[in-house]
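The primary structure of each chain is shown beneath.
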Amino acid sequence: MKHLGRVIDLKVLSLVALMKRSRVLAVLMGGVFCVVVMSLYRMLELMQGVELQHQVAPPARQVDEDLSNLQRKIDSLERLLSDNNYLVAMLRDSLVRRKTAWETGVRGGTGGGANVSSESSHSQANLLPGCRMAEKIKDGVQLLDVYDLLAFDNLDGGAWKQGFDISYHGNEWDKQPLELFVVPHSHNDPGWLKTFDSYYQDQTKHILNNMLIKLSEDSRRKMIWAEVSYFSKWWDDIDEQKRQMVKRLVGAGQLELVTGGWVMADEANSHYFALLDQLMEGHQWLQRHLGVKPSSGWAIDPFGHSPSMAYLLKGAGLKNMVIQRVHYAVKKEFARQRTLEFLWRQSWDSSPHSDITCHMMPFYSYDVPHTCGPNPAVCCQFDFHRLPGGRVFCPWRVLPQPITEQNIQERALLLLDQYRQKSRLFRSSVLLVPLGDDFRFVESSEWDAQFSNYQKLFDYFNQHPELHVKARFGTLSDYFEALRGRMNANLPTLRGDFFTYADRDDHYWSGYFTSRPFYKRLDRTLEATLRATDILFSLTLAEMRRIHGDGRLVAGFPAREHFQRLTAGRRDLALFQHHDAVTGTARDPVVVDYGTRLFHSILNLRQVLQSAAHWLLLLDKSQYHHDQSKPFLQTDDVMVAQDALPQKMVLTLSDEPRSFIVFNPTEQLRTSVVSIVVDSPDARVVDAETSRPMAVQISAMWVEPSRASTEAFQLSFVAELPPLALVVYHVTKTIAGSAHRAQYTFLCGGELPSVHAEHFQVSRLQGAEADTPLSLGNKHVKIWSSAQTGLLQKLRLQSGPVRQLQVQFLWYGTRTGANQDRSGAYLFLPGEGGAQLYSPSEAPLIRVSRGPIFSDITSCYRHFTHTVRLFHLDGHAGRSLEISNMVDIRSEVNRELVMRLVSDVDNGNRFYTDLNSFQMQQRRTLAKLPLQANFYPMTSAAFLQDAMLRLSLLSAQSQAVAALRPGELEVVLDRRLQQDDNRGLGQGVTDNKLTASLYHLLLEDRRGVSQ
């Protein structure tokens, strides 16, 4: 049997930050730190000098001596860094004490438990080390500072409703004419209202077929394409002659593949591994089939933008990018300042190394009415797909006109006015004008209408030099090349991210951070399985080649079939990163299609894992025989459907040892609690290699809150797993009572039901005893939970003071007023009363488990089962709490379930969330913004901190998170919403499942005391 180490690695951040201090203390600290750093460099120089003096070893010994010298240098550097860390910690503690004393003397303490605006002063103790460095970087724009400055007043801007009136004199282009690039595009969602395959059959393949014909008719015509998933599917359908036509169009610059990703990925919920996966899959396909490498990114539809994506694009060789969905107030401010084009730099980077040129589209949407200029009523008249007689019309009730000799002057000048107004929002005289929308250019007639009418307008512009405009069709490469040639000064630098997005009014797109959480968790399961399979398959092939010595693989090993399964798994994971997939914003049948793809890929990848592990574990490799109908190994959990949680396989025990294997797919030594399910409460586990018996804990498998299975038992033990290792264990049935069994305590505020757990010691708390807080502890931490709710109340680190740390559950409703928009798949529009505390109709059943390996407290409510678990281990696993929720809100109407953490961490209005599990981003809760605007995406981590404490929540799935009041952190667990939110989906979110969520909660002392 094969046990996969697939629990999400929750990497606990141990970050240090400093209190805000007076200038004198800052200078003192900076000076001492510089001395320490210079001392380190000087010591390294001395070490290198000694090394150079002794480089006279004979050649035969040179390599060994070099390695030895390198090892000595590393050891010395580690000692120096340790000393340096100790010195910095001492200085930090001193500064914190001085600062605290100063604040106490001058301010007389701090107050306020309300949601405060960031205009109030705030301690810089909440800054990470990297953020401290970034704080010192004063060049460019920090988006956090922009949010502080903006009024978010949403004034009516006239024709450009979310902007302002734009004026010009007319002579601005006399010296440098306006150079105009109209960029045709068709945004093809790989699943949304239809499935990926249905969209392809109904629309996408016709778009690409027509593209081949229409671009070939006129060399002046151009187009860009982004979604490689569709392009590769179409490529497989066309013949070699058409493929050569594609290559000619690409080579001539008429067709440009932009971004090169498998999809146009979501940037809020996706893990950076999955973002890289979809980017590499697309880039490798383009390189293999077309021999091209994209240079510009095109992200016009993701609902907010992350600097992690900008960093990955820059690392993939791209130089430019275009973004669209940014808060309308931010767009307005950037337009006023003419900073819509900027160098996007990482917050932690003081150099231009990570810079990528970014163009922000200024208006509401990427469709034609919102791309030619500020007035959509005018721009819509130049969307020639909307000519009279068609199926699409202009909502402003002024229809387009075909361009004729009679109207061309009037039409051209009307359009040029829009181009000139838009140009005044930028610093150069080069203008980008996208021409397209969702699934445009399906019909041949649209190609003819758009290209022929625009070409007439371009010809008119170019034939009238007094207009000072050069116009043509172009690609992103054409535009950015011209931009670099025209820029008279450097672009401004910007740091930060573009969450949370609002497209109008108070409509913030923070709902999709949690929508369809079941599939967000399934996404991570596939991601972890793919990563483990990639590693084990690669190790297997490498070992085969090493044994043979001639690069050949083993006969009978299905390497080709396994590689195809790996490729399919990568592509299914990549497809799910689409901004209507992992976001949970597709229609129900499309979600089922995505889920089925994820499910099948997980099953197929497990076949690869089983086969690779089988071959690696065999001592006699000649005995390997592949028979997928009778696999040598099986995984320890069974997935029966795309919408069902996995179930553990039950191992049947006897006196004969059963083998099971644990794989550690990480590059670090791991100490992990491994759990399997067996059919006997009397079991023994030994390490197969050393025959060392492992200490085990037998726990009940609860089929109901108070009824344990009599046929299945959980066996847990602590495993030491070397990096990238397959470790074999043997499990056997043993004499009755020899295995340590967990002990259970039950209590309930109402009538305590009968408990059925015949193999375990069970006690019941009643009367006054049942009012005493429940407590669990290990040598690192002790916790107390309420005897009435079973929920966490307090926590103490070692022998430190008792800290408040409560867990609460809440409901959010949605708006109920007439003619009010309501929450849906995209939007979070809570009711006027805000959150309401979860108030159960009956008291929960509370179950306390105590054992040598872990202890936990489980609270069973109608809508969720909540467990807080404490491991009796060293390291972060023993210092943190594992929190798991099993959520079921299928009975509810227009409700969202939230878990809130309440602590005494004095973080003010600042907290931190991760971006794509790649970097941490400071957030500021702003009173001037509505509640829904203060929710942000949490891909895998969030934390609060003050001068003394840091509270970190590490998550195995992406969800929405907020810190609405000091010391509090809210996580949205699931959403059930009966209506559409008018963003095109046309349905609510009512396909909820029984959904599991998993977290680690860590409270750390930041005062330099080792906890």
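Look above for the structure.
Residues numbered from 1 in each chain as written. Predicted model: local features only at pLDDT ≥ 70, side-chain atom pairs only at ≥ 80, totals over all residues. Heavy atoms only, no water.

### Considerations on the sheet that holds strand S22 (residues 696-704)
Step number 1: Judged by pairing direction, the sheet is mixed, and its five strands sit side by side in the order S17-S19-S23-S22-S25 without closing on themselves. Since the sheet does not close on itself, it has two edges, and those belong to strand S17 (650-651) and strand S25 (740-741), each with one partner.
Step number 2: Two strands pair when backbone bridges link them, and S17 and strand S19 (residues 670-678) are joined in this way by two bridges, in the parallel orientation. Its bridge partner lying in S19, Leu 651 is registered against Val 678. (Pairing = 2+ DSSP bridges. Helix = DSSP H or I, 4+ residues; strand = E, 2+ residues; numbered from the N terminus.)

### Thoughts on the state of the cysteines
Step number 1: All chains considered together, the criterion is met by two disulfides.
Step number 2: Each disulfide pairs two cysteine sulfurs, and for Cys 372 the partner residue is Cys 379, the sulfurs being separated by 1.9 Å. What sets the handedness of the Cys 372 and Cys 379 disulfide is the S-S torsion sign, and at about -90° it is left-handed. Summarising the burial analysis for this pair, Cys 372 and Cys 379 share the class buried.
Step number 3: Covalent S-S linkage joins Cys 380 and Cys 394, the inter-sulfur distance amounting to 2.0 Å. The chirality of the disulfide connecting Cys 380 with Cys 394 is left-handed, given an S-S dihedral of about -100°. (Disulfide = S-S within 2.5 Å. Buried < 20%, exposed > 50% of the residue type's maximum accessible area, 1.4 Å probe, protein only.)

### What about empty space enclosed by the protein?
Step number 1: With the rule as written, the count across this model stands at seven cavities of 30 Å³ or more.
Step number 2: Here the largest cavity defines a volume of roughly 120 Å³.
Step number 3: Taken together, 13 residues line the largest cavity, and the ones lying closest to its centre are Leu 143, Leu 144, Tyr 147, Phe 499 and Tyr 936.
Step number 4: Looking at the lining of the largest cavity, the elements with two or more residues in it are helix H4 (143-149) and strand S39 (919-924).
Step number 5: Split into classes, the residues belonging to the lining of the largest cavity amount to six nonpolar, three polar and four charged. (1 Å grid on protein atoms, 1.4 Å probe; cavity = no way out; pocket = protein on both sides within 12 Å on 5 of 7 lines; lining within 4 Å. Points joined across faces, edges and corners; volume = space filled by probe spheres on them. Nonpolar A, V, L, I, M, F, W, Y, C, P; charged D, E, K, R; others polar.)

### Thoughts on helix H9 (residues 307-315)
Step number 1: Those residues of H9 not exposed but buried are Pro 307, Ser 308, Met 309, Ala 310, Leu 312 and Leu 313.
Step number 2: Turning to H9, the residues buried within the fold contact helix H8 (272-289), strand S7 (320-323), strand S8 (341-345), strand S9 (356-360), strand S38 (910-915) and S39.
Step number 3: Positive backbone phi, at 100°, marks Gly 317, one or two positions downstream of H9. (Contact = heavy atoms within 4.5 Å.)

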